Amino acid sequence: MLSTPSDEAMAAETLALVDCNSFFASCERVFQPRLKNRPVIVLSNNDGCVVARTDEAKALGIPMGVAFFKVRDLVKKNGVHVFSSNFALYGDFSARVMKTLSGFTPELEIYSIDEAFLSLKGFESRSLTDYARSIREAVMQNVGIPVSIGLAPTKVLAKVANQVAKKKNGGVFDLSSQKTQDEVLNYFPVEDIWGVGRQSTEKLHRLGIRTAKQLRDAEPCFIQKILTVVGRRILDELKGTPCIRLEQESRNKKQMICSRSFGKPIYELSELKEAVACYVTRVAERLRGEKSVCNALQVFIQTNRFKEDAYFNITTLHFITGTSATPRLITAAHEGLERIYRSGYAYKKAGVILLDFTLENQKQLSLFDSEQQEADEKRMKIVDQINRKMGQDTVKMAACGTERAGPRSESRSPCYTTRWGDLLCVG
DNA sequence: TCTGGGGTCCTAGGACCC
DNA sequence: TCTGGGGTCCTAGGACCC
């Protein structure tokens, strides 16, 4: 069923999509102003692939998401500045950006670490373009991060507007009028629309639909048949009919994942068990932070997915009573690992997923092991307290092992804003 | 030699029930 | 020849996003 929001709730209003330009790279530049106008890239975990590029790096032909080893020569030849990712730093910058934005509207949806939708309802009396410019200036002034802002009546159109703003118009573009929509959508490639991925693009191209305008003006029922209700919604949004509402409340999570690729391949079950115990520890901390317990856990392992004889397996374990106690979760994860482990493979990655959440204070207690459960919970609270105060893994389960090989991250910047020892010294 | 991590939503198909 | 059928719940897998 296609959800059709009530007219009242979705009356025509202007949305602004604020998106930080080359976010991670821009964060790094704040501390190294000499990198302004220079190519900068930021790498993923393990220095595996490129996850952020400045315009200068894009211009050199470094694609998003490319494996770093594939562009290493290009990077060297052009003096591209390379950073390993530093998520503590980016998270802190993100919070500062969002705080600034929240001063401009009471209705704000934080969509991702570097993007937010703002409702500008009630601000129409002045030019919204001017208002957007003042938002841009405030973020630059307060946080030092450049942003682009797209204005439009729906989220999909605001995304389009934002992409136009990134390329021209001084970082702000208003796509509210029908005339501008006709002009822009006419040249806007269908594959650049938010929600249209590789598979959908292929289907649309086969049908001769190459521009956003062609998709907007296609027969809605036909598009729904081809691209499901998801495609139908995109079409409606392109027409200016809002179908994807602003979500101000952060929704309760449905799953939590902790997974990592290994620096070197792992062969032994015992080593996998250690790694997985660490992932369980991380994700269980987060679960307790949300005051929830989980009723199921999944564990997976995989070999190099780019090789032909790759092996991947995942298994699910259910709990009779919800839990967030690390030892119980580790036991379950290890049981799962034993089920799916096959000897002789070179494992490259493993992960743990927690699912099926209940609030801690609403969980069912089992008649038989409630005492044990209570003891577990008390113990975990103490462990969390100590680790919060003294640093991650001050107290941890023996199952995690003692070696801390850690991921490869050769070019990590200091945690300037979140670790006292890394504060920048002036003078 | 080297290829991220954390999420969401939708659909199809199987199990089960009456 | 032909063997109920409709509803609900759950899960796996696909597609997409940042």
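The structure under discussion appears in the preceding block.
The residue numbers shown here count from 1 along each chain, following its written sequence. Working convention: letters from A go to chains and numbers from 1 go to ligands, in the order in which they are written. Note on the predicted model: pLDDT of at least 70 is required for a residue's local features to be given, and 80 or more for side-chain atom pairs to be given and counted; whole-chain, interface and lining totals, by contrast, use all residues. Excluded from the side-chain calculation are hydrogens and water; included are all heavy atoms of the structure.

**A word on the protein's contact with DNA strand B**
Here is step 1: By nearness alone, 28 residues border DNA strand B, and S44, R233, R251, S259 and S261 come closest of all.
Here is step 2: Summary of the distance rule: residues count as near a molecule or strand when at least one heavy atom falls within 4 Å of that molecule or strand. What you see for DNA strand B is that sugar and phosphate hold 71% of its atoms within 4 Å of the protein.
Here is step 3: Polar contacts, as used here, are pairs of N or O atoms within 3.5 Å; protein pairs need one atom able to donate a hydrogen and one able to accept it. Residues neighboring in sequence count only if both atoms are side-chain atoms. In this structure, a phosphate oxygen belonging to DNA strand B sits 2.9 Å away from a side-chain N or O atom of K254.
Here is step 4: Elements with a contribution of two residues or more to the surface near DNA strand B: α3 (68–77), α10 (220–239), β9 (255–266) and β12 (347–359).
Here is step 5: Ten residues, namely Ala, Val, Leu, Ile, Met, Phe, Trp, Tyr, Cys and Pro, are considered nonpolar, four, namely Asp, Glu, Lys and Arg, are considered charged, and the remaining ones, Gly among them, are considered polar. Residues belonging to the surface near DNA strand B are distributed by class as follows: 10 nonpolar, seven polar and 11 charged. Secondary structure elements follow DSSP: runs of H or I of four or more residues count as helices, runs of E of two or more count as strands, with numbering from the N terminus.

**What about the sheet that holds strand β7 (residues 147–152)?**
Here is step 1: Spatial strand order, β5-β6-β1-β7-β8: five strands in an open sheet with mixed pairing. The open sheet is flanked by β5 (108–112) and β8 (172–174), the only strands paired with a single partner. Along the sheet, successive strands turn relative to each other by an average axial angle of 15 degrees, direction set aside.
Here is step 2: What makes two strands pair is DSSP finding at least two bridges between them. Note: β7 against β8, three bridges, orientation parallel. Paired with G150 across the strands is F173, a residue of β8.
Here is step 3: Note on definitions: a residue-residue contact is assigned when non-hydrogen atoms from the two residues lie within 4.5 Å. For every element, the axis is a line fit to its C-alpha atoms; helices are fit only across the contacting stretch, and the angle between N-to-C directions ranges from 0 to 180 degrees. Its contacts with the sheet put helix α5 (residues 128–143) on β6 (115–119), β7 and β8, and the angle it makes with β7 is roughly 155 degrees.

**Side note on helix α1 (residues 23–31)**
Here is step 1: Burial here depends on accessible area, computed with a 1.4 Å probe over protein chains only, as a share of the maximum for the residue type. Under 20% is buried, over 50% is exposed, and the range in between is partly exposed. Burial analysis of α1 places eight of its nine residues in the buried class, which makes it a mostly covered element.
Here is step 2: All buried positions along α1 are accounted for by F23, F24, A25, S26, C27, E28, R29 and F31.
Here is step 3: For α1, the secondary structure elements touched by its buried residues are β1 (15–20), β2 (40–43), β3 (50–53), α2 (55–59), β4 (81–84) and α4 (87–102).

**Description of the sheet that holds β3**
Here is step 1: Taken in spatial order, the three strands make up an open sheet running β3-β2-β4, and their pairing is mixed. Every interior strand has two partners, whereas the edge strands, β3 and β4, have only one. For this sheet, the mean angle separating the axes of adjacent strands, direction not counted, is 25 degrees.
Here is step 2: Pairing of β2 with β4, which is carried by four bridges, proceeds in the parallel orientation.

**Concerning the nonpolar core**
Here is step 1: Grouped together as the largest cluster of nonpolar side chains are 37 residues, with contacts concentrated most on L101, L118, I145 and I149.
Here is step 2: Among the elements of the structure, β1, α1, β2, α4, β6, α5 and β7 are those that each provide at least two residues to this core.
Here is step 3: It is α5 that provides the largest number of residues to this core, a total of seven residues.
Here is step 4: Residues contacting I149, with those up to four places away along its chain left out, are A16, L17, V18, A132, I135, R136, N162, A165, G171, V172 and F173. By nonpolar core we mean a set of buried residues, namely Ala, Val, Leu, Ile, Met, Phe, Trp, Tyr and Cys, connected to one another through side-chain atoms within 4.5 Å.

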